[in-house]
Amino acid sequence: MTLIQEPPQIDDEPTLESRQDAALDRLTDEVQRQGRQIKTSQQAFSIFAVLAFVLAMASLLAVAFKLDRMPMTVVKTRTPAPAAVATAPLPHNVGITLGEFSVRPNATRAAAGKVTFRVHNAGAITHEFVVIKTRRAAADLPLKQGRADEAGAVGEIGDLRSRATKSVTLKLAAGHYALICNLAGHYVAGQHTDFTVR
């Protein structure tokens, strides 16, 4: 028997290695193509940016030149005078706080006419409240036997115990008044203040 040998078959299919080489070549070509596109886009953007900058500068120069040649008009406006500030009316009721050794009114001025003084002794000892019409400052009243001279006195609240409150209503003309405590040694210790009626 005669054996016939068949010729070896030639494989027409590419090998794995040749397929990888072909894929790598295609990938390389694609990356190079995309790189060229990006470079072209960057160049186009750079040209656009330069042209936009040149146009902006030209517009700015044109506006500046035009403004420089334009005559300027200064407009003066009058500001209205501020409205007169309305002053609050002077009170007819004044709160007074007495302490060691002070006289503290809640207002230093009052309206002429009937004025009511509501006097509270916040001190620990007894005090009094005397209203004197005088041209002298409250601290400069003449002294008589260690007490202030009460010439010109228009009213008072005598011997006001600690924590007590009393009121007195007086008819006061416009002028300067001294509000004092005139118990022995209290005036000299500084228990006085100036008060104005208008």
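Described below are features of the structure shown in this document. (Residues numbered from 1 in each chain as written. Predicted model: local features only at pLDDT ≥ 70, side-chain atom pairs only at ≥ 80, totals over all residues. Heavy atoms only, no water.)

## Description of the overall build of the chain
Helix and strand content of the chain: one helix and 11 strands. Walking the chain from its N terminus toward its C terminus, one meets helices and strands in the order α-β-β-β-β-β-β-β-β-β-β-β. When burial is assessed residue by residue, the chain has 23% of its 198 residues classed as buried. Sequence separation of at least 24 residues holds for 66% of the intrachain contacts in the chain that already meet a minimum separation of 6. For the chain, the computed accessible surface area is about 15,000 Å², with 58% contributed by carbon and sulfur atoms. (Helix = DSSP H or I, 4+ residues; strand = E, 2+ residues; numbered from the N terminus. Buried < 20%, exposed > 50% of the residue type's maximum accessible area, 1.4 Å probe, protein only. Contact = heavy atoms within 4.5 Å. Areas by Shrake-Rupley, 256 points an atom, 1.4 Å probe, with all protein chains shown as cover.)

## Remarks on the sheet that holds strand β11 (residues 192–197)
Reading across the sheet, the five strands line up as β3-β11-β10-β5-β8 and stay open at both edges, with mixed pairing between neighbours. Where the open sheet ends on each side, the last strands, each with one partner, are β3 (109–110) and β8 (153–160). Across five bridges, the pairing between strand β5 (residues 127–133) and β8 is antiparallel. Residue pairing for β8: valine 131 is matched across the bridge by glycine 155. (Pairing = 2+ DSSP bridges.)

## Comments concerning the sheet that holds strand β9 (residues 165–172)
Within the open sheet, the four strands sit side by side as β2-β1-β4-β9. Their pairing is mixed. Looking along the sheet, the strands with just one partner apiece sit at the ends: β2 (102–105) and β9. Averaged over neighbouring strand pairs, the angle between their axes works out to 25° when direction is ignored. Pairing geometry for strand β1 (residues 93–99) and β2, over four bridges, is antiparallel. Considered in β2, the bridge of glycine 99 is made with serine 102. (Axes fitted to C-alpha atoms, helices over the stretch in contact; angles between N-to-C directions.)

## So, a negative patch on the surface
A cluster of acidic residues, Glu17, Asp21, Asp25 and Asp29, forms a negative patch on the protein surface. Looking at the secondary structure, you find glutamate 17 in helix α1 (residues 16–69). (Patch = residues over 30% accessible without salt bridge, like charges linked within 9 Å, V, L, I, M, F, W, Y side chains within 5 Å. Salt bridge = Lys/Arg side-chain N within 4 Å of Asp/Glu carboxyl O. Lys, Arg positive; Asp, Glu negative; His and termini not counted. Charge placed at Lys NZ, Arg CZ, Asp CG, Glu CD.)

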